[in-house]
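Next come the chains, spelled out residue by residue.
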Amino acid sequence: MLPIVLLSVFGIGLLFLGFMKSRAILLPATLLFLVVALAVNFIDWNKSYLYFNDMLRTNNLAMVFTAIILLSAFMVVALSSNFLNDESAQPAEYYAIILFSLVGAIMMVGFENLIMLFVGVEILSISMYVLTGSDKRNLRSNEAAMKYFLMGSFATGIMLFGMALLYGATGSFTIAGIASYAAHPQVGLSLLLYVGLLMLLIGLLFKVSAAPFHFWTPDVYDGAPTIFTAFMSTVVKTAGFAALFRLLSFSFGGVYTFWWTILAIITAITLVAGNITAVYQNSFKRMMAYSSISHAGYLLIGLASLGTNTKQAIVFYSLAYSVATIAAFGVLLLVAQQRSTQTITSEGVATENFDSFNGLARQNPLLGLAMTVSMLSLAGIPLTAGFWGKFYMFSTAVERGQIWLLVVAVLMSAVGIYYYFRVIIAMYFRDGGNDPIQVAPFYRYVLVAATILTLGLGIAPGLLEGLF
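Residues numbered from 1 in each chain as written. Predicted model: local features only at pLDDT ≥ 70, side-chain atom pairs only at ≥ 80, totals over all residues. Heavy atoms only, no water.

Trainee: Account for the overall build of the chain, naming residues and giving values.
Mentor: Assigned secondary structure in the chain consists of 18 helices and two strands. Against the compact-globule benchmark of 23 Å for 468 residues, the chain has a radius of gyration of 21 Å, which places it among compact chains. In terms of its C-alpha atoms, the chain occupies a principal-axis envelope of roughly 75 × 50 × 40 Å. Per-residue burial over the chain gives 59% buried out of 468 residues. Taking as baseline every contact in the chain between residues at least 6 positions apart, the subset at least 24 positions apart corresponds to 79%. For the chain, the computed accessible surface area is about 17700 Å², with 68% contributed by carbon and sulfur atoms. Between the mean site of the 21 positive side-chain charges and the mean site of the 18 negative ones, the chain shows a separation of 3 Å. (Helix = DSSP H or I, 4+ residues; strand = E, 2+ residues; numbered from the N terminus. Rg over C-alpha atoms; globule rule 2.2 N^0.38 Å. Buried < 20%, exposed > 50% of the residue type's maximum accessible area, 1.4 Å probe, protein only. Contact = heavy atoms within 4.5 Å. Areas by Shrake-Rupley, 256 points an atom, 1.4 Å probe, with all protein chains shown as cover. Lys, Arg positive; Asp, Glu negative; His and termini not counted. Charge placed at Lys NZ, Arg CZ, Asp CG, Glu CD.)

Trainee: So, helix 15 (residues 365-379): which residues are in play, and what are the values?
Mentor: The α-helix advances 3.6 residues per turn, and as a result positions three or four apart in sequence lie on the same side. Given a rise of 1.5 Å per residue, 15 residues ought to cover 21 Å, and the 21 Å separating the end C-alpha atoms of helix 15 matches this to within 8%. Burial within helix 15 is extensive, with 11 of its 15 residues counted as buried. For helix 15, the set of buried residues is Leu367, Gly368, Ala370, Met371, Thr372, Val373, Ser374, Met375, Ser377, Leu378 and Ala379. Looking at the buried side of helix 15, the elements it contacts are helix 12 (284-304), helix 13 (310-338), helix 14 (360-363), helix 16 (385-400), helix 17 (403-429) and helix 18 (441-459). Positive phi appears at Gly380, one or two residues downstream of helix 15, with a value of about 85 degrees. (Expected span 1.5 Å × (residues − 1).)

Trainee: I'd like to hear about the side chain of Thr372, residue by residue, with values.
Mentor: Checked against the element boundaries, Thr372 lands in helix 15. Residue Thr372 is classed as buried on the basis of its relative accessible area of 12%. In this structure the side chain of Thr372 is engaged in a polar contact, spanning 3.3 Å, whose partner is the side chain of Tyr428. In contact with Thr372, other than residues within four places in its own chain, are Ile424, Met427 and Tyr428. (Polar contact = N/O pair within 3.5 Å; in protein donor to acceptor, adjacent residues only side chain to side chain.)

Trainee: Lay out the nonpolar core with the relevant residues and their values.
Mentor: In terms of nonpolar packing, the biggest core is built from 165 residues, with Leu102, Phe252, Phe284, Met287, Phe357 and Met375 touching the most fellow members. The dominant element in this core, judged by the number of residues it contributes, is helix 13, at 19 residues. (Core = buried A, V, L, I, M, F, W, Y, C linked by side-chain atoms within 4.5 Å.)

Trainee: Lay out a nonpolar patch on the surface in plain terms, naming residues and giving numbers.
Mentor: There is a patch of nonpolar side chains on the surface, built from Met146, Phe149, Leu150, Met151 and Phe215 and spanning about 520 Å² of accessible area. As for its placement among the helices and strands, Phe215 is situated in the loop between helix 8 (191-207) and helix 9 (217-223). What makes Phe215 exposed here is its relative accessible area of 58%. (Patch = residues over 30% accessible without salt bridge, like charges linked within 9 Å, V, L, I, M, F, W, Y side chains within 5 Å. Salt bridge = Lys/Arg side-chain N within 4 Å of Asp/Glu carboxyl O.)

Trainee: Account for the packing of helix 12 against helix 13, naming residues and giving values.
Mentor: Running from N to C, helix 12 and helix 13 point in directions that differ by 175 degrees, and their axes come no closer than 10 Å. Of the possible angle classes, the one that applies to helix 12 and helix 13 is roughly antiparallel. For the pair helix 12 and helix 13, contact is made by Phe284, Lys285, Met288, Ser292, His295, Tyr298, Leu299, Gly302 and Leu303 and by Thr310, Ile314, Tyr317, Ser318, Tyr321, Thr325, Ala328, Phe329 and Leu332, respectively. Among the residues forming the contact of helix 12 with helix 13, the class breakdown is 11 nonpolar, six polar and one charged. (Axes fitted to C-alpha atoms, helices over the stretch in contact; angles between N-to-C directions. Parallel < 35°, antiparallel > 145°, perpendicular 65-115°, else oblique. Nonpolar A, V, L, I, M, F, W, Y, C, P; charged D, E, K, R; others polar.)

Written out as structure tokens, the structure is:
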């Protein structure tokens, strides 16, 4: 609970700091606030408490998911120093909205009541709508924000209707009350329970970009400022899957036979749609959007194969995916900013095509290494965290005997290697511009830390075992 309170206060504090003439204090202040929130997050370690009239629970699992969310936010914010040099940007507002959005994400991680889940989803979603459209001079950003808002609102309406049906069936909004009804129905399970569950799943699957509810993702990821795309693709996805895991494992474990087939089919469609479509992209940013969809499919494997190892698999995969994705977007930010004179569009916006990375490894070996490790991890190559993330996910499918789903996932992983390696080939084997890319010291530290963490978890995946 302390992170929620502190982040709310810190967000308001940042708005006041924005009145100062100098912007230089905003970035270090935001990073300090995130470090404080991350530190107090572990105060209740090995304890379980209920807060806000039993609507929010803290336990080890919730704290681990919260830590991944805060760590991801810290790394994304650390890469956002460009705001301070852009006179049209409003960094105080951006950072404040990021902190407020984290409040919603933490609510989604530890909700004990569906109303708290709804409030968390809305806080996070509304923040993302605003950040997506924050580049007011860019038509793509405005279009993406409007599309995200309209489709997100529609999905939220479906989710809210599903919650109402679940209340009608069970007489409770608490996950314990719903679980009790689903496990011990007095006169058979109501049809409202099944319909409500499906509508609630549709709303949440939209948030994590699962097919066939993923159509908003490429345009929104492409149109949003890159730094917010990185935030959206990591924090929102981690919070969304933490909420899905909590919902399905605690409330609807008793009706697993009803929903697992539906979720398994959605998983297979998501894997195929994300990976196959990513192959045809020329824009790196759009490729990462479809990559995000495909990784939603890998995470869904753990939910469709819900078992004893699902919890560990989702936590590990979320961390591995978040770190690798942030490193990739961090390199993209530098390339798009400093090679803009060579890759400018007719709209005056820097392009983010694969050609932008030509020769990058020769000009800047650090950026080349960070991007290479990131791509290898996302592709699931051994000695990276991504390999073990997929291994754990595939193990859950084997444990449940869902071999057909495992075969689909392995085939799609092979397809993924193709488009991830396009970036590596461009960096090492193609000639590009000779303009050197400058990397600020702190920016460099973040990329190095992400690379070390990805390799460290790939070499010693057992570091997280037994933590929760």
